Amino acid sequence: MEVYQCELPGVNKDAQNLCKLGEKGYGYGQGGFYYAAESKDIASSLKSFIEDVGSAEIDPISTGTMSVPLDSLGGLKSRKFAYLPILEPAPGSQRLWNGNLKKYNVKNGTLVGKEGDFVFADNTGLFSRDNIDENNINNNAGTYDLWNTINIIRPDTTKPDGGLPQIGGAYQQILEGANASTVGDRNLFVDTGSSLTNLKVTNKKPVNFASLTNGAENNNAKKLALLKFMGYSAQGTVTDDTELSASQNKNLKNIGGVLHSIPQLITQSVAVDASGQFDTSKRKDYIIYGSMDGALHMLDDSTGKETFTFVPKQILDLQPDALAGTGNGTAVDGSYPYGVDAPWLTYVAYTTKSKTEGKDDEAKTINTYEAAQSFALGGLRMGGSMYYALDVSDVKAPKMIYSVGSNYANRQKGDNTVALSGNKNGVINNTSPEQEAYARMGQTWGKPTLGYVKRNGERVMVSFLPGGYDACYENSQFKLGNNANSESCPDKSKAQGNAVYMVQMGEVETDEDSKEETVKTSADNGKLLWWASNQGSSENSTSRSSSLQYSKANDLKHSVVTQVRAIDRNYDGLNDHIYFADLGGQVWRADINNNKDTRNFKVDRVVKVLDVSDQATGNDAPPRIYERPLITFYNGKYGYNKAADNTGTYSGVQAMITVGTGDRSSPVSAERSIPDALYTVIDKDVSRRDLFDYDSDAASTISLRTPVIEVGEFDDETTNNKLQQLKFSVADIGNNGIRQNIIKNKVQGWYMPFTYWDDGEVTGSTYKLKMFNEPDAIAGVLISSTYNPDEGQDIQACSAGVKGSTQRERTCLPFGSCSEDVATPRSTFIAGSGIVDNIISQYNDTAVFSSIVNRCEGDDCKPDLICPDGNCGNYDDIFNECVGPSCGVGSGINTDKRINPLSWMEH
């Protein structure tokens, strides 16, 4: 198609300027007109115009995954800071979406900037902007974050920031302080398999880049991308100690958007005053998070400056252009680059140190509480299929503990030169049992979990890793087929990632003098100790060898993306149970026999506790569980079946498992004929004293009391494995209510279909409500969230819109109803636009914890109190209002004890 040429010879200057105002590409009006000689040219011009409108720049949004961490020095205090991930959308583009991470204050249950102005314009999540009304009054002054501290005039230092993404925040601090090479050069680390290599540029000369060269490929393009990431626009062949032609350019700095990698806090040190209390005015904190550019970032919390960045090798293989922020900015196959987008786990072990300054009468002892060891573990979500464990004790020099996973992501991007194989510390093959196990790993979505088991007579730290995600689930109607050897979505009989792993971090060592423990991470780091899947010919069982245990569970055939829930039931520092769920609507428990007198743990069994896979009809796929099961404990009574159908009763500690279903892969478009639901079921075996046989190497042969629980009619007393629907009516209570039916062994729990929104039933032939966030249990109140893609804010013209809305609902544990005398009314409220997590923070300096809201003012910010007994009389000095489980938006917990989870449950 021809367009008018503004600079044709003979056209006067005024006409040329008018032409440039209306033509694209000249940087003026950026309009557009077209020369059309035929009707097809008109059609083409219209199509081009519509496409251009669709790709126009739109405003950034908060991604809803903000972090408001509790203080790791005392889990009952909030630090009153929020870390807000920013994403700058570019709909329809496969190029890297830019972003940022900003730090704000939390005050009165909402976010405010450095000068106390509101971060959000309203509760929908739109950022505050300068807004002058007709009386010349600034109603909304806008704001800027706590890391926006550079007081020179340039595009990324504007105050207020106008809600723009790459102003202030972590982005502003990149490549600052160039005299300090560990900050100015981004202190970049790349893994070469089993270790990390620190890439530097000293006196404009690359250092350690030669380590990226191997016999198979020169990797020069990747070296150039890494140099660009460090601010050097180099060309040609990169050679160590050969001076670059270009100097460092701060304008080349790059941060991608942040979506699923929730920022984590690491407190490195804090002063201890004379009374033994923490002096929190003298502390050193760090923030660690991943972004879509392809790097894991560690920041100094006080300044926002990077202390190091880590680029995994798989990221370097799959999206070097996005890392550089130049070129096409896509993954190697032209698809969107997701980078380091998974949630990471942090671990810190502390020690007390003291030093004396001065002499004689002027001598002064200074005590500090410092991190002896700090670890960070995580995956890449859709960015790759590897898990990494890093020692970040030295915040400027991280070390590799292990890297394990598979080449599944490489094959997804078109590299089929190597068969589906495991990857341990850079070694790729599938010839050993360990590597064959890792070959089952899919995209690494789930957050790792740390725990301890006994091995070779010693206590070892282990990480529990979910198997990962199969990209076939991107189709909301994906169902497994029957071909055991196929990797094709319609045919495969097992999904990639249908596994769970126990991987050694290191051996626990105890200092003879101080009795303090450290983890020796050089001892079998990355070694696979146990795993579970469905491959092999034997029936459900566990096989053991001197080096590796394997549990086969026939139905463990769906991807596992939930974080593993690890439980220490007898407070001996060793894990006895893990819970996890899969994308086929199944919840699993593994029992780990850790007798204190044994030299080695043994997994006695892997059992399926809940199976709702049959809650599907027509085109419905089995319901999917993306978040880890919630486990709560109560004193109660229940009936059960013994062997040979003999019945029994039990009174004492009972465990309840709560999960919710929903298609997070297709949050807007997925719909079902049978609705997704919240499920709470009783596990009658986890607290039994006779569950383990410590005198035998074989698993105990006891008859389990918990059947495979399903949804269905519970009037069939021959099966006793059904659930009762929570109806918020008299049907929930009394002789045929949920509690009594559990005691009578007629049902094994309850479920709540997602068919209710805000103030009424959802009507229609299909259902779209879904649960994405992990439920919370506080003071006997169960808080769950559901997402509705058809509700929420109106999408504003020329602005980023957030589709849908999140509803928060309160029920009571363990039986759904909060009373046995009166039916509990439904308690719901709208939490905000989009998919909103339940972010809880301490309300100012009180003992009340409440949900963060985007914006509130005055008394609207003050949370109501949840009182399990309906009487808040003992807390009049905190707040004097108590409205029970049907509290409003800012409802909080009015005690400083109940917010703290029991440490023996998750040691």
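See the structure printed just above.
Residues numbered from 1 in each chain as written. Predicted model: local features only at pLDDT ≥ 70, side-chain atom pairs only at ≥ 80, totals over all residues. Heavy atoms only, no water.

*Asks:* Tell me about the overall build of the protein chain, and please be specific about residues and values.
*Replies:* A tally of regular secondary structure across the protein chain gives ten helices and 45 strands. Here the protein chain holds 907 residues, and the buried ones make up 55% of them. Look at the contacts in the protein chain between residues 6 or more apart in sequence, and 61% of them connect residues 24 or more apart. Roughly 38,000 Å² of accessible area belongs to the protein chain as shown, and the carbon and sulfur atoms make up 45% of that amount. (Helix = DSSP H or I, 4+ residues; strand = E, 2+ residues; numbered from the N terminus. Buried < 20%, exposed > 50% of the residue type's maximum accessible area, 1.4 Å probe, protein only. Contact = heavy atoms within 4.5 Å. Areas by Shrake-Rupley, 256 points an atom, 1.4 Å probe, with all protein chains shown as cover.)

*Asks:* Which residues make up the pairing of strand S39 (residues 781–788), and what values do they have?
*Replies:* The element S39 is largely enclosed, with a buried count of eight among its eight residues. Residues Val-781, Ile-783, Ser-785 and Tyr-787 of S39 are buried on one face, and the alternating residues Leu-782, Ser-784, Thr-786 and Asn-788, pointing to the opposite face, are buried as well. Relative to S39, strand S38 (residues 776–778) runs antiparallel, the two sharing three bridges. Bridged to Asp-776 within S39 is Ile-783. What sits between S38 and S39 in their antiparallel hairpin is a turn of two residues, with Ala-779 showing a positive phi close to 55°. One ladder, built from eight bridges, connects S39 with strand S40 (residues 805–812); its direction is antiparallel. Opposite Ile-783, over in S40, you have Arg-810 as the bridge partner. (Pairing = 2+ DSSP bridges.)

*Asks:* Account for the sheet that holds strand S34 (residues 724–725), with residues named and values stated.
*Replies:* Taken in spatial order, the five strands of this open sheet run S31-S32-S33-S35-S34, and their pairing is mixed. Sheet topology places strand S31 (630–641) and S34 at the edges, where each strand pairs with a single neighbour. Both strand S33 (residues 677–683) and strand S35 (residues 749–753) contribute to a ladder of five bridges, which runs antiparallel. Note on S35: the bridge partner recorded for Thr-680 is Trp-750.

*Asks:* Explain the state of the cysteines to me, using residue names and the numbers behind them.
*Replies:* Under the definition given, this model contains three disulfides. A sulfur-sulfur distance of 2.0 Å marks the disulfide that ties Cys-472 to Cys-489. Measuring the twist about the S-S bond at about -85°, one finds the Cys-472-Cys-489 disulfide to be left-handed. Taken as a pair, Cys-472 in the loop between strand S21 (458–466) and strand S22 (500–510) and Cys-489 in the loop between S21 and S22 lie far apart in primary sequence, 17 residues in all. The exposure class assigned to Cys-489 is partly exposed, which follows from its relative accessible area of 32%. Residue Cys-856 pairs covalently with Cys-861 via a disulfide, S to S 2.2 Å. On the sign convention where negative is left-handed, the bridge of Cys-856 and Cys-861, at about 120° about the S-S bond, is right-handed. (Disulfide = S-S within 2.5 Å.)

*Asks:* Before we move on, can you summarise the nonpolar core with the specific residues and values?
*Replies:* What tends to happen in soluble globular proteins is that the nonpolar side chains get buried as a cluster. Of all hydrophobic cores here, the largest spans 38 residues; its most connected members are Leu-226 and Phe-310. Contributions of two or more residues to this core are made by strand S7 (188–191), strand S8 (196–202), helix H5 (220–229), strand S11 (278–290), strand S12 (296–300), strand S13 (306–311), helix H6 (313–318) and strand S16 (386–391). With sequence-adjacent residues up to four places away left out, Leu-226 is seen in contact with Leu-188, Val-190, Leu-199, Phe-209, Leu-212, Leu-316 and Leu-323. Tyr-347, Tyr-438, Met-441 and Leu-465 belong to the second largest nonpolar core, which has 28 residues in total. (Core = buried A, V, L, I, M, F, W, Y, C linked by side-chain atoms within 4.5 Å.)

*Asks:* I'd like a description of unusual backbone geometry, backed by residues and values.
*Replies:* A cis amide bond, omega -10°, links Lys-159 with the succeeding residue Pro-160. The residue after Leu-813, namely Pro-814, is reached through a cis peptide bond having omega 10°. Within the secondary structure, Pro-814 sits in the loop between S40 and strand S41 (828–833). The phi torsion at Asp-758 lies on the positive side, around 65°, for a residue other than glycine. As for its position among the elements, Asp-758 is in the loop between strand S36 (756–757) and strand S37 (760–761).

*Asks:* Tell me about the environment of Arg-565, residues and numbers included.
*Replies:* In this structure, Arg-565 sits in strand S27 (residues 565–567). Given the relative accessible area of 5%, Arg-565 is considered buried. Taking C-alpha positions, Arg-565 is 9.7 Å from Ala-581, a pair spaced 16 residues apart along the chain. Within the structure, Arg-565 has its side chain in polar contact with the side chain of Glu-774 (distance 3.0 Å). (Polar contact = N/O pair within 3.5 Å; in protein donor to acceptor, adjacent residues only side chain to side chain.)

*Asks:* I'd like a rundown of the pairing of S22, residues and numbers included.
*Replies:* Residues in a regular strand point their side chains to alternate faces of the sheet. The element S22 is extensively covered by neighbouring structure, given that eight of its eleven residues are classed as buried. With seven bridges joining them, S21 and S22 adopt antiparallel strand pairing. When the sheet's bridge partners are listed, Val-462 is paired in S22 with Gln-504. In this sheet, strand S24 (residues 528–533) lies alongside S22 in antiparallel orientation, the contact comprising four bridges. Opposite Val-503, over in S24, you have Leu-528 as the bridge partner. Bridge count between S22 and strand S23 (residues 517–520): four bridges; the pairing is antiparallel. Looking at S23, one finds that Glu-509 is bridged to Thr-518. Between S22 and the antiparallel strand that follows it, S23, lie six residues; Lys-515 among them carries a positive phi value of about 65°.

*Asks:* Give a detailed account of the pattern of salt bridges, specifying residues and quantitative values.
*Replies:* The tally for this structure, following the rule as stated, stands at 39 salt bridges. Residue Lys-103 is joined to Asp-301 by a salt bridge in which the shortest nitrogen-to-oxygen separation is 3.1 Å. Taken together, the residues Lys-103 in strand S3 (residues 99–107) and Asp-301 in the loop between S12 and S13 connect sequence positions 198 residues apart. This pair shows no difference in class: Lys-103 is buried, exactly as Asp-301 is. Salt-bridge contacts for Lys-602 lead to Asp-604; the nearest nitrogen and oxygen are separated by 3.0 Å. Across the pair, exposure class does not vary: Lys-602 and Asp-604 are buried alike. The network of salt bridges with shared partners includes Arg-79, Lys-103, Arg-283, Asp-285 and Asp-301. (Salt bridge = Lys/Arg side-chain N within 4 Å of Asp/Glu carboxyl O.)

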